[in-house]
Amino acid sequence: MEFSWGTGQEYRRLLFSLLFLAAWKAGSGQLRYSVLEETKHGTFVGRIAQDLGLELVELVPRLFRVSSKGRGDLLEVNLQNGILFVNSRMDREELCGQSEECSIHLEVIVDRPLQVFHVEVEVKDINDNPPVFPGTQKILFMAESRPLDSRFPLEGASDADIGANALLTYRLSPNEYFSLEKPSDEERVKRLGLVLRRPLDREEAPEIFLVLTASDGGKPELTGTVQLLVRVLDANDNAPTFDRTLYEVKLLENVPNGTLVIKLNASDLDEGLNGNIIYSFSADILPTVKSKFYMDPITGEIMVKGYIDFEETKSYEILVEGIDKGQPPLSGHCTVMVEVEDTNDNAPVMEFKFLSLPIREDAPLGTVIALISLSDLDSSVNGQVTCRLSPHVPFRLVSTFKNYYSLVLDSSLDREKVSVYKLVVTAQDGGSPSLSTTASVSVEVADVNDNAPAFAQPEYTVFVKENNPPGCHIFTVSARDADAQENALVSYSLVERRVGERELSSYLSVHAESGKVYALQPLDREELELLQFQVSARDAGVPPLGSNVTLQVFVLDENDNAPALLPPGPSGGPSAVSQVVARSVGAGHVVAKVRAVDADSGYNAWLSYELQPAASGARSLFRVGLYTGEISTTRALDEADAPRQRLLVLVKDHGEPALTATATVLLSLEDSGQAPKASSRALSGAAEAEAVLVHVNVYLIIAICAVSSLLVLTLLLYTALRCSAPPSEGGCGPVKPRLVCSSAVGSWSYSQERRQRVCSEEGPPKTDLMAFSPSVPDSGDREDQQPATVDSPSKPRQPNPDWRYSASLRAGMHSSVHLEEAGILRAGPGGPDQQWPTVSSATPEPEAGEVSPPVGAGVNSNSWTFKYGPGNPKQSGPGELPDKFIIPGSPAIISIRQEPTNSQIDKSDFITFGKKEETKKKKKKKKGNKTQEKKEKGNSTTDNSDQ
């Protein structure tokens, strides 16, 4: 805002100019103000907040700030009222020199959202500088012979102001010899001089004193004076003359020293010394001209001797005079105007003002990161600057104003991929050849908590032996967070839930930092076989992110339970068995049975029975089945045998170390006349036992039905696989195994489907039946195991370790199994072979050789096992089907026979339950004794069913 202390007319003129300025500002899109130089501190400039459309209450919250490039703090804004005012003294001549336009460029920046405004404040000139002559006194030598109207050039005054304030007018003090020649407006060079109006007479006036006054056009006007001393000389009356009074020369900047600018030539009509001319710069020449140029006094050549810079000075005015050697010497004068031409010798300059560093990785697109201002001291095309950014970065440059750019976000950021971007900003001018400036900018990406902790696999299986010491380390979970610093600090905790009547935290604990899982108390497999829970991992970010992993802890059995004897009936005691035996029974007759169970599983629950030898060392009349507990006679009884027989049966499991229990059996031998009573009592006891164990038979029926259904499904699946198998081009070759079960550890680790191509000459290849076999890894590898890839669409569940028979049912089943050759249990491909008894149906012939397994054993008994026939433990080769396999938890054995393609197949022998070909052959040989065998079988079967 311009203030003036003039008349009312000046005030109206000022108001009109302000209205014109406001209209021009609205059309140009840039806010402009004007202020007079040398105004006092606090002078009102304009209501900048109102003109920018900003509310006063927004200035402080939005961090309203004003900056000016290289202008210091000349202007400030009052944040209370939004007024732009003068903060310190402004001298227009100091800021802009002789430039016609002088303005201060302001950058107004507000945040939330970020906005940048450009404001121009024009500094107007006032008449604060008077005209100044090069010196306070000038001496002029003039020959008295000079004709009238002779002209004597004078050096004019200079005014640091501009416009009307620098428009000078001259006046000469009153005299009778000289008048003042004033320059006209049409002349490019403002020439000033004295004109002789009256002939000089040295004898009359040897010296003439004059005063030259210069006045500017300011209000009020300022003046400057110089004293002129004119000394009148005699004799030499012809002065040197130049070809022209004005010479114009164009000179490129940056030319080397010694470059010729121009060669001047002056002539003198005099002869001799009066005609010899000496060239020199005028005494009134500026010091800057003397520092840049040199003139040869003899030849009149002007040469460069200093650095010529277009950006420093665009033109030079050189005053030259030629003086002869006459007495008095005469001189001629001329002016040389040197115009400096620009060359592209200044590279662009970049200035950065960073606003958003470091930038968050979730920053929205268009976020302004930095402001870039460009400048080039060259002019015209050489000063036109363009800016570009290095490619393949998620940023771009946006031009906001002339030579102003904003570095903004162009695409989304991910600190986990790139944490620091190295940007290269290049500014290039339009010169030929062009010059460029390159700046490297490092943009750091700040982390945001956008990654949850991740476990290596979603589920882990852990095997722990029961009776572990309290506080023992059983497993370590580990999760990785891709974020940084606090966002990557992971802490672990249990996902609390109830396990039966107790909380999960009473069994286990997790170290918050290391992820180690500890068992707080000894685990009992008989109480808890499987403990499934989740561990949560959370980071320290805000808000925190987390994920869970499932742990399945299988409690492995140890032999910590001794065999427990079962009562023979509802009224029997737990350790004594009393039985009446007729003396007429033959050898091999079953007279009693000892029943026992073991709460453990596997080998630890596999019981064997032994008869303790008599103290006298005599051979016993009875023997006990090794795995059945049935007591039978070794020979026919006679009258010589003692009527009371006391037997001690030792029941022992197969654990390490083995645990035992002792049962006492009391046998009363009676004559055959008392046999009906004994038989009646036996039938009565059998009826009572049948009533007690009727639920066991129901369970057996249900198990057999389930096994039959499973067999039908297996056969259907086998048929479907054979029908859907694609024909092999090679005819024969192995087929890639396919994983069925996904867990990777423990007894339930891998169950693999083996599909093999069988090639024969008679028919097309055949597909083998599916075989499931457990893989028992070493305990040391539990934490390192990884989950297998599952080919099937749905992931099979882990086998249920509770799928076993109750204690009473196992006791009944122990009576119906016999010893057979051990089968081969494969522990998966590449795993160790383990001898393990198979399950089969009960047969009355001991020579059938059936083996009794730990029915209802733990995880290892719930597997599909193939047996390759009695006495033949070999593994089936490629293309062969197994002879037999068992159903877990069932006393049945399923036999599958293969016959050549050209042989007749007896469908009745294809699948048998609890029967063997050897047994059938032996039965055919014993047809002669069929009646007696049926009786013995009936008695034995009745006892087994009752039990």
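Thresholds applied
Residues numbered from 1 in each chain as written. Predicted model: local features only at pLDDT ≥ 70, side-chain atom pairs only at ≥ 80, totals over all residues. Heavy atoms only, no water. Phe/Tyr/Trp six-rings, centres within 6.5 Å; stacked < 30°, edge-to-face > 60°. Buried < 20%, exposed > 50% of the residue type's maximum accessible area, 1.4 Å probe, protein only. Lys NZ or Arg CZ within 6 Å of the ring centre and 35° of its normal. Helix = DSSP H or I, 4+ residues; strand = E, 2+ residues; numbered from the N terminus. Contact = heavy atoms within 4.5 Å. pLDDT = per-residue confidence, 0-100. Core = buried A, V, L, I, M, F, W, Y, C linked by side-chain atoms within 4.5 Å. Pairing = 2+ DSSP bridges. Axes fitted to C-alpha atoms, helices over the stretch in contact; angles between N-to-C directions. Disulfide = S-S within 2.5 Å. Salt bridge = Lys/Arg side-chain N within 4 Å of Asp/Glu carboxyl O.

Under the criterion given, the structure shown has 11 aromatic pairs. Between F352 and F354, the aromatic rings sit 5.9 Å apart at their centres with planes inclined by 10°, giving stacked as the arrangement. Relative accessible area serves as the criterion here: at 26%, F352 is assigned to the partly exposed category. When the centroid spacing of 6.2 Å and the interplanar angle of 50° are considered together, the rings of F401 and Y404 count as tilted. The partly exposed category is assigned to F401, whose relative accessible area is 28%. One aromatic cluster is present, formed by Y603, W606 and Y627 through successive ring pairs. One Lys or Arg, K314, reaches over the ring of F310 and ends 5.1 Å from the middle of that ring. Over the aromatic face of Y507 sits the side chain of R502, whose NZ or CZ is 4.7 Å from the ring centroid.

Locating L489 in the fold gives a position in the loop between β35 (479–480) and β36 (490–494). For L489, a relative accessible area of 52% gives the class exposed. In this structure the C-alpha to C-alpha distance between L489 and A537, which are 48 residues apart in sequence, comes to 9.8 Å. Setting aside residues no more than four positions away along its own chain, L489 makes contact with R538, D539 and A540.

Summarising the model, the protein shows a mean pLDDT of 74, and 68% of its residues fall at 70 or more. Averaged pLDDT values over the elements of the protein bottom out at 32 in strand β54 (residues 757–758) and peak at 96 in strand β21 (residues 301–304). Segment residues 728–947: pLDDT under 50, and 408 contacts once partners within four positions in sequence are set aside and those in other chains are kept.

For the rest of this paragraph, the subject is the nonpolar core. Counting 29 residues, the largest nonpolar core has I474, Y492, L508, L531, F533, V535 and L551 as the members making the most contacts within it. For this core, the secondary-structure elements that each account for two or more residues are β33 (459–465), β34 (472–476), β36, β39 (508–510), β40 (516–519), β41 (530–539) and β42 (546–556). Beyond its immediate sequence surroundings of up to four residues, L551 is in contact with Y460, F475, V477, V517, L531, Q532, F533 and V535. Listed in part, the 27 residues of the second largest apolar core include V261, A266, F281 and F293.

Turning next to the sheet that holds strand β6 (residues 103–110). Strand order across the open sheet formed by four strands is β1-β7-β6-β3, with mixed pairing between neighbours. Only two strands of the sheet have a single neighbouring strand rather than two, namely β1 (31–36) and β3 (65–68). Across the sheet, the mean angle from the axis of one strand to that of its neighbour is 30°, orientation sign disregarded. Note that β6 and strand β7 (residues 115–124) share eight bridges and pair antiparallel. Residue pairing for β7: S103 is matched across the bridge by E122.

Further remarks concern the state of the cysteines. Under the counting rule described, the total for this entry stands at one disulfide. A sulfur-sulfur separation of 2.0 Å characterises the disulfide bridge that pairs C96 with C102. In this structure, the disulfide formed by C96 and C102 twists by about 70° around the S-S bond and is classed as right-handed. Assessed through its relative accessible area of 2%, C102 is described here as buried.

The next point concerns the pattern of salt bridges. The final tally for this structure, using the stated rule, is 22 salt bridges. Of the charged contacts, one joins R89 and D91 as a salt bridge, the two residues approaching to 3.4 Å between their closest N and O atoms. When its relative accessible area of 49% is taken as the criterion, R89 is described as partly exposed. By sharing partners, the salt bridges in this structure join E38, R89 and D91 into a single network.

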